[in-house]
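Structural overview for review
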Amino acid sequence: ALQLDAQRCVVERMVVEMLAPEDPHAPGGAAVLQGSPILRHCRLTDLKVLGGSTPLVLDCTVRLLAVEGAAGGVYYRNVLQSPAPLHVPAVRAASSGHPCFMGNSVTGEGAPAAVEVTGPTTTCRWRFNTFADTAVAFGVAEGARPECEANHFRGARVAAIHCQTGGGGTFTRNCISEAEVGVHTQSRADPTFVHNLLFDCSGPARTRTACAVRVDAAGAGRFLRNALWDNAHAAAIVATDGAPRLRDNSVLLSTKPRGTNVDAQGIVVQDGGKGELIGNEVYGIGTAGVSIAGGARPNVLRNHVHGCWAAAVRVSDGGGGVLKQNVIARTPRGVVLLSKADPMLDGNTITGATDAGVHAADGALGRLQHNSIVENKTNVVVAAGAAPVLEHNTISRSSSAGVHVHSGGLGTFRANDIADHPTAGVLVEDGGQGQFDSNRIHDNPRTGVLMRNGMAEFHKNVIIDSDVGVLCSAQSHGLFSMNFIRNHREHGLKVEGRSRTRFQRNTIAHVPHAAVLLAAQACPVLTDNDIGFCQGPAVHCTEQSTGSFAGNTIHDHRGPGFLVDDSCPEIRGCTISEGASEAVLYRNKGQGALTKCQILKHKGTCVAVTDQSNPVIMDNVISDGAGDGIVVSESRAQIQRNQLFRLVGFGLRLHDKGISNFAHCEVGSARVCLSIAEGCGGKFEGLNLHDAEEVLMSLHTSEYLEFRDCTFHRSAQDGVMVHNGAPQFFDNEFKENAGVACKILVDAKPGPLLSNNAFTGNAVAIQCTHYRAEYQTGNAFAANRQAIRVADKAAPGEGRAPSPDEECGARDTDGEMDAASAVFAIRTGSFKKVKRGNAASSPSRKMGFGGGGWHSRRRQEAFEYGAAGHVLDWRGLQGPGATDVRSLNRE
């Protein structure tokens, strides 16, 4: 109808109307072929700008505008409206002439797109335009590169801006609102959006696909410093291999009161989506600030996500990617990992969560390293089969627990710093598992590790500076190995409630009370642990606890090494040393077994059994104690195959109605090897008592006693002293005692029974107040200086009184002298006086000594015996010459 083919012309207030043809591309309406005409205040049905023309079109109404070829021009303040029946764009730009559209009002009531920009060489500029009531307000395709600035897109039913098939362009400072989707890029489209405002993108139906930005189907794009506010479902959705770059954007989930838009999300990456989220601020009320799901793998870097209604970051359904150096704050949950999620979180700060800083459940995986997870209600929660890996994180200052693993939660926690949590640094309960390696768990006010019905494993952790280092209760079945547990204000380790936790090769030290406390029927297993430097007992078992202790080293404890109080532990193969009190104390009906232990260097009693206790003490070595070896009072004990050496006090001692069966024990180098007080009893078999300072065995009880197959030898004074009762001795051996082998001080008859015993090399075999013939007929005597002495005299029927040489132990024909004779000679030689021998025959003169009697000769022989390497015990030596003897022995 109108064709402009001139360089310059002005067309004003012209109306060109055409019947709408079936083919929208058919010739009709107006066409500009060349030049720079001016069209003003016209109403045109169809305007085509072709060739290289550059018209100025202003204040016109145009239904169909097409700019093609190399056409350009300026289109200003026009009304561009696509007629509904045609379903074609109001504006189609396919020109490389860089046309400029400014201040236009563009609508497309029935068109798929109000504006369509297409073609690989197409460039155009759009400024201050208004787009409304369209399906797609602005479509970019086939490599076109438009420039859009300060436009307003409102009410698009599908998308305000749709870029596809390689379309791109730059969009700056535009306002996009009330659309189903604000910006949609796909199919290799790569536009750039800078400083745009996209808000209230909810669509008419407010569907779950409504969002400000959607990138999918291999779409891309760069979104820099945009504001995405108050969108119905999500601010941005990245899906199906979409890979945009969102940087420094502001994402506000809702400005409305809580409850109005609680399902909204910030940035959603799903269904294989990728891309980069860098430096964005995501805040407000909604389900999640950043949501990653469906195998998506984005890079989320240096974002600030805070103030969300449910979670700041949620990763689920196999989602992953890298989240690095983000700040996540002030949400109920900081990071939520669900449904096999497997992201990498590195260097993030997660703080201010009112529920959990990190919550992993439903089989989630993931790796968290070098994060600062601080000041949340619970810093890390792992549940329901989740198995994340946390390494080198700082987990501190929660209002509950640092790490909470429960309900089947798993996970690996390695080299984390866990501190300052009021409930516990690590809380494992309700079937929680997990593995904790090389963590530093410290300065937690109440408990370092609290395990309630948990099954976690702890290896090589440092657990220090809490009230209780480790507390296991409620049937826990965990494992602690090679941990360093020290400097706690109450206990290093507390086990209660039938817990069966295992502890192997841990160091538990420096606590003011019990280093290990077992209570409430606990039954743990402790193997090869080092427990020491505690102000109370090293191990305290109480409240019917059981448990097994094998191969542990217990040392430097002010209280007992083991305090067994109304409980029944098994103590096997432990080394207990350097204690200021008892090594093992059984009291208040304590039971259990103490077997194959080494008990060394204790200042108190090594093993004390009292208050109706009934333990079994077998195969132990007890030595170098400053007190007694084993003391039993008001209790019963089975004591077998123990070895007790070098004790300042008693070796074995029964008093206060203590009853014990001693079998095959060896006691040596003690003040008294065995002492049995009034009211005590038992059976004694296979004892080996030797090298006592005072007496091997002292009996003061009238209870039934039986000694069988025992050996009493090498006492510095007397062997056995019977002060009371009628003990029975069968098949025993008394030998090499310096004093009386068996001294019976009982006045009542018939007195003790001695049968089939052997007395060899003693000074006096038996001394008694009343002679009994069976003493000689039922026992064997050999090489004793005196067999039986009655009231310090020879027994009837022994013949003449022994000569001084016989009484003191004459030299054998081969010239050798035994230990008993040597000690006897030294103890008695200075008390008797006989004539001096002459110079020729006196043995003392032959040995180079001056003249002297027989006592000098016997002393000289004793000195020669000591000089040959034999050890003589001088502590019982009394009488004149004692100082001489000690001095000469030292020389």
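One can find the structure itself at the top, above this paragraph.
1. Considerations on the pairing of strand β4 (residues 30–34)
- Both strand β1 (residues 2–5) and β4 contribute to a ladder of four bridges, which runs parallel. Following the sheet pairing, Leu 4 is matched in β4 by Val 32.
- Pairing between β4 and strand β6 (residues 43–49): three bridges, direction parallel. Each residue of the ladder has a partner; that of Ala 31, found in β6, is Lys 48.

2. Notes on the pairing of strand β20 (residues 159–163)
- The buried fraction of β20 amounts to five of the five residues, a majority that puts the element mostly inside the structure.
- By the bridge criterion, four bridges tie strand β17 (residues 136–141) to β20 in an arrangement that is parallel. Across the sheet, Phe 138 pairs through a bridge with Ile 161, a residue of β20.

3. Quick word on the side chain of Ser 545
- Position of Ser 545 relative to the elements: it lies in the loop between β68 (539–541) and β69 (548–550).
- Those residues in contact with Ser 545 that sit more than four places away from it in its chain are Leu 518, Ala 519, Gln 521, Ala 522, Asp 566, Ser 567, Cys 568 and Pro 569.

4. Structural notes on the pattern of salt bridges
- Taken as a whole, this structure holds 30 salt bridges when the rule is applied.
- The partner of Arg 245 in a salt bridge is Glu 276, with the nearest N and O atoms 3.3 Å apart. Of the two residues, Arg 245 is situated in strand β30 (residues 245–247) and Glu 276 in strand β33 (residues 276–278); the sequence distance between them amounts to 31 residues.
- On the basis of relative accessibility, which here comes to 27%, the residue Glu 276 falls in the partly exposed class.
- Ionic pairing is found between Arg 489 and Asp 467, a salt bridge with its closest N-O pair at 2.7 Å. With Arg 489 in the loop between β61 (484–486) and β62 (491–495) and Asp 467 in the loop between β58 (462–464) and β59 (468–473), the pair connects residues that are 22 residues apart, well separated along the chain.
- Taken together, the salt bridges that share partners define one network made up of Glu 12, Arg 13 and Arg 40.

5. What to know about the side chain of Thr 610
- Among the secondary structure elements, Thr 610 is positioned in the loop between β77 (607–609) and β78 (616–618).
- Judged by its relative accessible area of 17%, Thr 610 falls in the buried class.
- The contacts of Thr 610, once residues within four sequence positions are left out, are Leu 585, Tyr 586, Arg 587, Asn 588, Ser 633, Glu 634 and Ser 635.

6. Some remarks on the state of the cysteines
- Scanning the entire structure with this criterion turns up zero disulfides.
- Here Cys 60 is not disulfide-linked; the sulfur of Cys 42 is the nearest cysteine sulfur, at 4.4 Å.
- Residue Cys 60 is classed as buried on the basis of its relative accessible area of 1%.
- Note on Cys 201: no disulfide assigned, nearest cysteine sulfur contributed by Cys 211 at a separation of 7.6 Å.
- When its relative accessible area of 0% is taken as the criterion, Cys 201 is described as buried.

7. Re the packing of aromatic side chains
- Enumeration over the complete set of coordinates arrives at 22 aromatic pairs.
- Both rings, one in Phe 734 and one in Phe 759, keep their centres 4.5 Å apart while their planes meet at 10°; by these two values the pair is stacked. In this pair, Phe 734 sits in strand β92 (residues 733–735) while Phe 759 sits in strand β95 (residues 758–760), placing the two residues 25 residues apart along the sequence.
- Classification of Phe 759 by relative accessible area gives buried; the value is 0%.

Conventions adopted
- Here the residue numbers are simple positions, counted from 1 along each chain's written sequence.
- This being a predicted model, a pLDDT of at least 70 is required before a residue's local features are given, and a value of 80 or more before pairs of side-chain atoms are given or counted; all residues contribute to the totals for chains, interfaces and linings.
- To get the side-chain values, take all heavy atoms of the structure and skip hydrogens and water.
- Pairing between two strands requires that DSSP report at least two bridges joining them.
- Numbering of helices and strands starts at the N terminus; helices are DSSP runs of H or I of at least 4 residues and strands are runs of E of at least 2.
- Summary of the burial criterion: residues with accessible area below 20% of their type's maximum are buried, those above 50% are exposed, and those between are partly exposed, where the area comes from a 1.4 Å probe applied to protein chains only.
- What makes two residues a contact is simply this: any of their non-hydrogen atoms within 4.5 Å.
- Take a side-chain nitrogen of Lys or Arg and a carboxyl oxygen of Asp or Glu: if they are within 4 Å of each other, that pair is a salt bridge.
- A pair of cysteine sulfur atoms is labelled a disulfide when the two atoms are within 2.5 Å.
- Aromatic pairs are defined between Phe, Tyr and Trp rings, using the six-membered ring for Trp, whenever the two ring centres lie within 6.5 Å; interplanar angles under 30 degrees are classed as stacked, those over 60 as edge-to-face, and all others as tilted.

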